[in-house]
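Residue-level listing of the chains:
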Amino acid sequence: LVRSRGLGDVYKRQGFNTLISQCSTLEPEINVEGDINTYPNISNNDVTPSFFDNTRFSSLDITGASETKSFRIQNIGSADLTVSNIEIIGTHAGDFSLTLPSGLPITVTDISTNPNNLVVFDVTFDPIAVGTRNATVRITNNDVADGEGEEVFEFAIQGEGFCSSAVNLSLIHI
């Protein structure tokens, strides 16, 4: 740990530079990423599902195909982040399911304390009907201090259901 004086105290730990001033308020800051390649950030209230941030699922057969994608919650703030609930809501919420790493609530320490501390959760898409299937992931947490409205962090997810089963119907004459 290296400390230097200036406008505020500067702490350096494991390659992270964090500016902490006696005037700064300690607060959590949620950051959600798609667990894919370079871990792209997902914005709060993102309504455009995309393969690039892992929020768009493949087109799947409704007769039993499923796909699972992972998402990461980080705390890039200066106080512990408490995730009190993660749920899937919306029109086709029944086509998606969650797998959480442990029970709720989950505490994610701040990045200066532990830069590798994060929570990974999975969303599985298993369509029950044909067509575009839309839902929303809602993460309820204690990121309230900055006024950005992230205490309820939401983002859209989407997949497509199709049916490849052919049904052979024949007429019976009596």
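Description of the structure in this document. Residue numbers run consecutively from 1 along every chain, following the written order of its sequence. Per-residue local features are limited, in this predicted model, to residues with pLDDT of at least 70; the limit for side-chain atom pairs, both in listing and counting, is 80 or more; totals at the level of whole chains, interfaces and linings are taken over all residues. Side-chain metrics rest on all non-hydrogen atoms present in the structure, leaving aside hydrogens and water.

### So, the nonpolar core
What counts is decided by this rule: Definition used in this section: a nonpolar core is a set of buried Ala, Val, Leu, Ile, Met, Phe, Trp, Tyr and Cys residues joined via side-chain atoms within 4.5 Å. Only protein chains enter the accessibility calculation, which uses a 1.4 Å probe; a residue is then buried when its area is under 20% of its type maximum, exposed when over 50%, and partly exposed in between. Under the DSSP-based scheme used, a helix requires at least four consecutive residues in state H or I and a strand at least two consecutive residues in state E, with every element numbered from the N terminus. Any two residues whose heavy atoms approach within 4.5 Å at even a single point are treated as in contact.
Of all hydrophobic cores here, the largest spans 25 residues; its most connected members are Ile73, Phe121, Val123, Val137, Ile139, Phe155 and Ile157. Contributions of two or more residues to this core are made by β4 (30-34), β6 (56-61), β7 (67-75), β8 (81-89), β10 (106-108), β11 (118-125), β12 (131-141) and β13 (152-162). Filtering out sequence-adjacent residues up to four positions away, phenylalanine 155 remains in contact with Val32, Ile42, Ser43, Asp46, Thr55, Phe71, Phe121, Ala135, Thr136, Val137 and Ile139.

### Some details on the sheet that holds β10
Under the convention used in this document: Only strands joined by at least two bridges in the DSSP assignment are considered to pair. The convention used is that axes are lines fitted to C-alpha atoms, helices contributing only their stretch in contact, and that angles between N-to-C directions extend from 0 to 180 degrees.
Pairing is mixed across the open sheet formed by five strands, whose spatial order is β6-β13-β12-β8-β10. Looking at the sheet topology across the chains shown, the edges are occupied by β6 and β10. Neighbour-to-neighbour, the strand axes of the sheet open up by a mean angle of 30 degrees, direction not taken into account. When β12 meets β13, the two strands line up antiparallel, connected through 10 bridges. Bridging across to β13, threonine 132 finds its partner in glutamate 160.

### Considering the sheet that holds strand β5 (residues 41-42)
Pairing in this open sheet of five strands is antiparallel, and the strands run β5-β4-β7-β11-β9 from one edge to the other. Whereas interior strands pair on both sides, the edge strands pair on one side only; in this sheet they are β5 and β9 (96-99).

### What about the pattern of salt bridges?
Basically, it comes down to this: Salt-bridge detection follows one rule: a side-chain nitrogen of Lys or Arg within 4 Å of a carboxyl oxygen of Asp or Glu.
Counting across every chain of the model gives four salt bridges. Among the ionic pairs, glutamate 87 bridges to arginine 138, the shortest N-O distance being 3.9 Å. Here glutamate 87 is found in strand β8, whereas its partner arginine 138 is found in strand β12, with 51 residues between them in sequence. The closest approach of N and O atoms between glutamate 154 and arginine 138, which form a salt bridge, is 2.5 Å. Of this pair, glutamate 154 sits in strand β13 while arginine 138 sits in strand β12, and the two are 16 residues apart along the sequence. By sharing partners, the salt bridges in this structure join Glu87, Arg138 and Glu154 into a single network.

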